[in-house]
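# Observations on chain architecture
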Amino acid sequence: MTDDLICIGAIAGAFGVSGEVRLKSFCSTPTDIASYGPLLSEDGSREFHISLTRPVAGGLGARIRGVTTKEQADALRGTSLYVPRNRLPGLPDDEFYHADLIGLLAHDTGGVALGKVTAVYNHGAGDILEISPAGHKSALLLPFTAAIVPNVDLAAGRIVVDLPEESD
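Since we're looking at a predicted model, the values are computed, not measured.

With that out of the way, let us pick up the pattern of salt bridges. Under the counting rule described, the total for this entry stands at 4 salt bridges. For R54, the salt bridge is made with E20, and the minimal N-O distance between the two is 2.7 Å. One end of the pair, R54, is in strand 5 (residues 50-56); the other, E20, is in the loop between strand 1 (5-14) and strand 2 (21-25), with 34 residues separating them in the sequence. Its relative accessible area of 5% is what places E20 among the buried residues.

Structure follows, in structure tokens:
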């Protein structure tokens with residue numbers, strides 16, 4: 001079941017003393033996290049019924065059904081929140097869920113294997129792909145732009161990377 005679950009957020013900890021939590025949303029519109037129905041734990045064994053309360057520093061304030069104390073909210077800190085893929089909207093051809101990119105094989109424009117996409121980061125200035133080495137001493141961190149990654153072929157399980165000159 002976990003293969004068709006997509007991580008859309010995480011519980012950052014308690015907010016206040018009455019069981020409210022601080023959520024980090026990974027949705028392009030952060031408040032959309034509450035619109036996908038009950039969210040699930042990574043293994044799908046727990047459901048979280050979330051209602052947003054207000055924007056807070058570093059995320060969103062929310063209530064989770066059944067969580068009424070600061071201690072219960074604190075116990076959920078670090079819990080990633082998932083939704084079945086079929087509840088998410090389809091994406092345009094040039095957009096991808098991070099979960100779909102992780103695991104793809106990366107090749108340069110000449111067909112030489114570079115490694116595998118092991119993570120996607122976004123610290124506010126756009127997505128960065130981490131490609132674990134096949135011949136490089138350390139992981140490559142590359143911007144996920146059309147100029148650097150001109151081809152993403154999910155069906156074939158690969159991306160083509162046009163390495164910047166300084167990476168050679």
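On we go from here.
In this structure, the largest pocket occupies an estimated 870 Å³ of space. Looking at the largest pocket, it is lined by 30 residues, and the ones nearest its centre are F26, S28, F96, Y97 and H98. Only strand 1, helix 2 (98-101) and strand 9 (113-122) provide two or more residues apiece to the lining of the largest pocket. With 4 residues, strand 1 is the largest single contributor of residues to the lining of the largest pocket. Class assignment for the residues of the lining of the largest pocket results in 18 nonpolar, 7 polar and 5 charged.

In this fold, D93 is placed in the loop between strand 7 (80-84) and helix 2. In this structure, the C-alpha to C-alpha distance between D93 and G111, residues 18 residues apart in sequence, is 23 Å.

With that settled, the discussion passes to the sheet that holds strand 10 (residues 127-133). Strands sit in the order 11-10-9-8-13-12 across an open sheet of 6 strands; the sheet is mixed. What marks the edges here is a single partner per strand, and that holds for strand 11 (140-143) and strand 12 (151-153). Between one strand axis and the next, the sheet turns through 35 degrees on average, direction left out of account. Note: strand 10 against strand 11, 4 bridges, orientation antiparallel. Paired with I128 across the two strands is P143, which belongs to strand 11.

Residues of strand 2 alternate between two faces, with V21, L23 and S25 buried on one and R22 and K24 left unburied on the opposite face. Two elements, strand 1 and strand 2, share 5 bridges in a ladder whose sense is antiparallel. Counted as the bridge partner of G13 is R22 from strand 2. Here strand 1 folds back onto strand 2, and the loop between the two strands holds 6 residues, one of which, G16, carries a positive phi near 85 degrees.

Its location among the elements puts R77 in the loop between helix 1 (70-75) and strand 7. Engagement of the side chain of R77 in a polar contact is seen with the backbone oxygen of A12, the distance being 3.0 Å.

Another aspect to go through is the nonpolar core. Among the nonpolar cores identified, the biggest contains 22 residues, and I8, L23, I33, L39, I50, I64 and L81 are the most heavily contacted of them. Going through the elements one at a time, strand 1, strand 2, strand 6 (59-64) and strand 7 are the ones with two or more residues in this core. Top contributing element to this core by residue count: strand 1, with 4 residues. Excluding residues that lie within four positions of it along the chain, I33 makes contacts with I8, G9, L23, K24, S25, C27, L39, L52, L60 and L81. L114, L142, I148 and V161 belong to the second-largest nonpolar core, a separate cluster that totals 16 residues.

Looking now at the side chain of H107. Looking at the secondary structure, you find H107 in strand 8 (residues 105-108). Setting aside chain neighbours within four positions, we find H107 in contact with V112, A113, L114, R158, I159, V160 and V161.

The rules we used
Residues numbered from 1 in each chain as written. Predicted model: local features only at pLDDT ≥ 70, side-chain atom pairs only at ≥ 80, totals over all residues. Heavy atoms only, no water. Salt bridge = Lys/Arg side-chain N within 4 Å of Asp/Glu carboxyl O. Helix = DSSP H or I, 4+ residues; strand = E, 2+ residues; numbered from the N terminus. Buried < 20%, exposed > 50% of the residue type's maximum accessible area, 1.4 Å probe, protein only. 1 Å grid on protein atoms, 1.4 Å probe; cavity = no way out; pocket = protein on both sides within 12 Å on 5 of 7 lines; lining within 4 Å. Points joined across faces, edges and corners; volume = space filled by probe spheres on them. Nonpolar A, V, L, I, M, F, W, Y, C, P; charged D, E, K, R; others polar. Pairing = 2+ DSSP bridges. Axes fitted to C-alpha atoms, helices over the stretch in contact; angles between N-to-C directions. Polar contact = N/O pair within 3.5 Å; in protein donor to acceptor, adjacent residues only side chain to side chain. Core = buried A, V, L, I, M, F, W, Y, C linked by side-chain atoms within 4.5 Å. Contact = heavy atoms within 4.5 Å.

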